[in-house]
Amino acid sequence: MNIEAYHKIVKELESYNAKLCAVSKTKPVEDLKMLQKEGQKVFGENKAQEMTAKFEELGDDDYSWHMIGHMQRNKVKYIAPYVDLIHGVDSLRLFKQIEKEGRKAERKLKVLIQMHIAEEDSKFGFDRKELEELLNSDAFVDAEHVQVCGLMGMATFTEDEKQIGREFASISGLYEELKKNTFKDSDSFNELSIGMSGDYKIALDHGSTMVRIGSKIFGPRN
Ligand SMILES: *Cc1c(COP(=O)(O)O)cnc(C)c1O
């Protein structure tokens with residue numbers, strides 16, 4: 001746990017008007033409590049079970065819960081009652097499941113659409129053609145319990161900053177395009193979730209509104 005690094009990041013983000021999702025996956029609730037006392041509210045987890053256990057212990061008054069990882073459809077029901085933002089909607093089937101569970105929970109669930117931006121092909125997400133299909137689908141047009149709040153992406157895990165920059169530029173361009181067209185009447189399409197411990201500075205220079213940082217704050221994970 002590096003409180004000093006946390007405050008430094010918060011300060012950096014201020015000048016970009018960007019938010020921090022503190023990625024607390026695998027870390028004990030004591031770590032989350034410690035950071036919450038420093039002023040952090042938004043926490044990111046990538047497993048429904050782990051996030052739910054932490055939510056049950058810490059509640060959602062002082063904590064806002066973001067699901068950041070790839071989500072299995074049968075897990076949506078566990079988080080639907082309390083989750084604040086689902087970052088990684090990466091298929092039409094998952095979108096439909098979120099609509100269904102949002103209806104049951106009598107909530108409008110906020111989501112980001114995950115775009116596949118990495119030049120390496122190991123990451124989840126839509127390509128542009130699949131996105132087009134999603135946006136034109138009845139499920140999307142008729143959705144009442146899902147609110148699309150923006151895009152999310154993960155760059156290739158590489159030292160090559162030019163490549164990372166290209167990948168962030170592509171999702172940032174798409175985000176601006178959607179904001180002007182498909183989502184021009186939406187006042188909720190406002191988030192571009194890009195940037196992690198190793199590449200958040202590049203992400204901020206490409207218009208990130210929310211970075212997801214774990215190890216730089218909480219230390220390495222096992
Ligand atoms: C784990 C994870 C992060 C945070 O990674 P760090 O490199 O530890 O900052 C961000 N986004 C997603 C989707 C993750 O799974």
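Each remark here, short or long, concerns the structure printed above.
The paragraphs below set out a description of the structure included in this document. (Residues numbered from 1 in each chain as written. Predicted model: local features only at pLDDT ≥ 70, side-chain atom pairs only at ≥ 80, totals over all residues. Heavy atoms only, no water.)

**A look at the overall build of the protein**
Regarding its fold elements, the protein presents 10 helices and eight strands. Taken against the 2.2 N^0.38 rule, which gives 17 Å for 222 residues, the C-alpha radius of gyration of the protein at 17 Å falls within 12% of a compact globule. Taken along its principal axes, the extent of the C-alpha atoms in the protein is 45 × 40 × 30 Å. Sorting the 222 residues of the protein into buried and exposed places 50% on the buried side. Relative to all contacts within the protein whose residues are 6 or more apart in sequence, the contacts with residues 24 or more apart total 60%. For the protein, the centre of its 33 positive side-chain charges and the centre of its 39 negative side-chain charges are spaced 2 Å apart. (Helix = DSSP H or I, 4+ residues; strand = E, 2+ residues; numbered from the N terminus. Rg over C-alpha atoms; globule rule 2.2 N^0.38 Å. Buried < 20%, exposed > 50% of the residue type's maximum accessible area, 1.4 Å probe, protein only. Contact = heavy atoms within 4.5 Å. Lys, Arg positive; Asp, Glu negative; His and termini not counted. Charge placed at Lys NZ, Arg CZ, Asp CG, Glu CD.)

**Quick word on the packing of helix H2 (residues 29-37) against helix H3 (residues 48-58)**
Orientation of H2 relative to H3, taken along the N-to-C sense of each, is 55°, at an axis distance of 11 Å. Classed by the angle they form, the pair H2 and H3 counts as oblique. H2 and H3 meet at a crossing whose hand is right-handed. Together, Val29, Leu32 and Lys33 of H2 and Lys54, Glu57 and Leu58 of H3 make up the contact between the two elements. (Axes fitted to C-alpha atoms, helices over the stretch in contact; angles between N-to-C directions. Parallel < 35°, antiparallel > 145°, perpendicular 65-115°, else oblique. Left-handed = near helix turned anticlockwise from the far one by under 90°.)

**Some details on the nonpolar core**
Nonpolar side chains in soluble globular proteins tend to be buried together. Counting residues in hydrophobic clusters, the biggest one holds 61 residues, and the most contacted among them are Trp65, Ile79, Ile98, Met115, Leu131 and Leu151. Element by element, the count of residues in this core is highest for helix H8 (residues 161-180), at six residues. Once residues within four sequence positions are removed from consideration, Ile98 is found in contact with Val76, Ile86, Val89, Leu109, Val111 and Val146. Core analysis: the second largest hydrophobic core is formed by eight residues, Ile68, Leu85, Leu112 and Met210 among them. (Core = buried A, V, L, I, M, F, W, Y, C linked by side-chain atoms within 4.5 Å.)

**Let's talk about the site of the ligand**
Taken together, Val23, Lys25, Ile68, Met152, Met154, Met196, Ser197, Arg212, Ile213, Gly214, Ser215 and Arg221 form the complete shell of residues around the ligand. Side-chain polar atom of Ser197 to an oxygen atom of the ligand: 2.6 Å apart, as the coordinates give it. Measuring from a nitrogen atom of the ligand, one finds a side-chain N or O atom of Arg212 at 2.9 Å. Protein contacts shield 90% of the accessible area of the ligand, which totals 390 Å² for the unbound molecule. Looking at side-chain class alone, the shell around the ligand contains six nonpolar, three polar and three charged residues. (Near = heavy atom within 4 Å. Polar contact = N/O pair within 3.5 Å; in protein donor to acceptor, adjacent residues only side chain to side chain. Areas by Shrake-Rupley, 256 points an atom, 1.4 Å probe, with all protein chains shown as cover. Nonpolar A, V, L, I, M, F, W, Y, C, P; charged D, E, K, R; others polar.)

**A few points about the environment of Lys108**
Checked against the element boundaries, Lys108 lands in the loop between helix H5 (92-104) and strand E5 (109-115). Taking the C-alpha atoms as reference points, Lys108 and Val148, separated by 40 residues in sequence, lie 9.9 Å from one another.

**Quick notes on the pattern of salt bridges**
In total, this model carries 10 salt bridges according to the counting rule given. Glu50 is the salt-bridge partner of Lys54, the closest N and O atoms lying 2.8 Å from each other. Separated by four residues within a single helix, Lys54 and Glu50 lie in helix H3, roughly one turn from each other. When its relative accessible area of 6% is taken as the criterion, Lys54 is described as buried. The shortest N-O distance in the salt bridge between Lys129 and Glu133 comes to 3.2 Å. Of this pair, Lys129 and Glu133 both sit in helix H6 (residues 128-136), four residues apart, roughly one helical turn. (Salt bridge = Lys/Arg side-chain N within 4 Å of Asp/Glu carboxyl O.)

**Focus: H2**
Among all positions of H2, only Val29, Asp31, Leu32 and Leu35 are buried. An end-on view of H2 places all buried positions within 155° of arc, on one side of the element. Packing partners of the buried residues in H2 comprise helix H1 (3-16), strand E1 (19-23), strand E2 (42-45), H3, strand E3 (64-67) and helix H10 (215-218). Once H2 ends, the next one or two residues include Gly39, with phi positive near 115°. (Arc of directions from axis to C-beta.)

**Focus on the pairing of strand E6 (residues 146-153)**
Extensive coverage of E6 is indicated by the burial of seven of its eight residues. The pairing of E6 with strand E7 (residues 191-193) spans three bridges and is parallel. Its bridge partner lying in E7, Leu151 is registered against Leu192. After leaving E6, the chain enters H8 and then returns to the sheet as E7, a path that is right-handed. (Pairing = 2+ DSSP bridges. Right-handed = clockwise from strand over helix to strand, strands pointing away.)

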